Amino acid sequence: MSLGQRVSSDHQLTRLLQIGVVLEELVESRAAHHIESLPPDERAEFDEEVEELLAEAATESAEHRERLEALIDDLEAETVGYEEINALVDAQYGPPEDTDGVLYDQLANEETAYKFYDDLIEAIEASESEFAVDRERLLETLYGIREEEKEGVEEVTEVMEQRA
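So, here's what we can say about the structure. (Residues numbered from 1 in each chain as written. Predicted model: local features only at pLDDT ≥ 70, side-chain atom pairs only at ≥ 80, totals over all residues. Heavy atoms only, no water.)

### Digging into unusual backbone geometry
- The phi dihedral of glutamate 76 is positive, around 60 degrees, even though this residue is not glycine.
- Mapped onto the secondary structure, glutamate 76 falls in the loop between helix H3 (48–74) and helix H4 (82–92).
- Classification of glutamate 76 by relative accessible area gives exposed; the value is 76%. (Helix = DSSP H or I, 4+ residues; strand = E, 2+ residues; numbered from the N terminus. Buried < 20%, exposed > 50% of the residue type's maximum accessible area, 1.4 Å probe, protein only.)

Structure, rendered in structure tokens:
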């Protein structure tokens, strides 16, 4: 399923929203694990600003997930539980080596999410299909999430520039 195409059915829309939920769960889980996974000598370098940034990212991703799940519920479908994704993150992703690695990872997460929502909005706007969920509510939700992801990219970039 390419986002270069129009979204043409409830099934396709549901799948794309479910991908968004998994993406948000991944971002939430990774942000929550970053501080815990750093070696003790790196934790001392971890400043309050970076901790706050990661905590905000985890909270924001949880909120995005809930908003997406509400849309998926309206489409009468289900999502993958956070606990399942969290377990996969624990098993698949090694800890970052240092604070810079944490910030680069967080930037990549924010950029990936922004691009996903930007492409999804474009695919929905290009479609003339009717969906079981209100189109205006769907797009309004996605516009809001995309804007918050853009702000996340800017926040991480600002912290990285200050540390350079």
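From this point, the discussion proceeds with the structure in view.
### Thoughts on the pattern of salt bridges
- For the coordinates displayed, the defined rule picks out seven salt bridges.
- Put simply, glutamate 28 and arginine 65 hold a salt bridge, and the shortest N to O gap is 3.0 Å. Of the two residues, glutamate 28 sits in helix H1 (residues 10–37) while arginine 65 sits in helix H3, which places them 37 residues apart along the sequence. For the pair shown, glutamate 28 and arginine 65 are each scored as buried.
- Notably, a salt bridge pairs arginine 65 with glutamate 69, separated by 4.0 Å at the nearest N-O pair. Residue arginine 65 and its partner glutamate 69 are both found in helix H3; the two are separated by four residues, about one turn of the helix.
- Here arginine 65 falls in the buried class, since its relative accessible area comes to 12%. (Salt bridge = Lys/Arg side-chain N within 4 Å of Asp/Glu carboxyl O.)

### Thoughts on the nonpolar core
- In terms of nonpolar packing, the biggest core is built from 24 residues, with Val7, Leu13, Leu17, Leu120, Ile124, Leu138 and Leu142 touching the most fellow members.
- Elements that contribute at least two residues to this core include exactly H1, H3, helix H5 (99–125) and helix H6 (135–163).
- Ranked by residues supplied to this core, first place goes to H5 with seven residues.
- Beyond its immediate sequence surroundings of up to four residues, valine 7 is in contact with Gln12, Leu13, Leu16, Leu120, Ala123, Ile124, Ser127, Ser129 and Phe131.
- By size, the runner-up hydrophobic cluster in this structure holds 13 residues, among which are Val50, Leu54, Leu103 and Met160. (Core = buried A, V, L, I, M, F, W, Y, C linked by side-chain atoms within 4.5 Å. Contact = heavy atoms within 4.5 Å.)

### Brief notes about a negative patch on the surface
- Where like charges cluster on the molecular surface, the negative patch consists of Glu48, Glu49, Glu51, Glu52, Glu56, Glu147, Glu151, Glu154, Glu155, Glu158 and Glu161.
- Elements supplying a minimum of two residues to the negative patch: H3 and H6.
- Per element, the largest residue contribution to the negative patch is six residues, and it comes from H6.
- The topology assignment puts glutamate 56 in helix H3. (Patch = residues over 30% accessible without salt bridge, like charges linked within 9 Å, V, L, I, M, F, W, Y side chains within 5 Å. Areas by Shrake-Rupley, 256 points an atom, 1.4 Å probe, with all protein chains shown as cover. Lys, Arg positive; Asp, Glu negative; His and termini not counted. Charge placed at Lys NZ, Arg CZ, Asp CG, Glu CD.)

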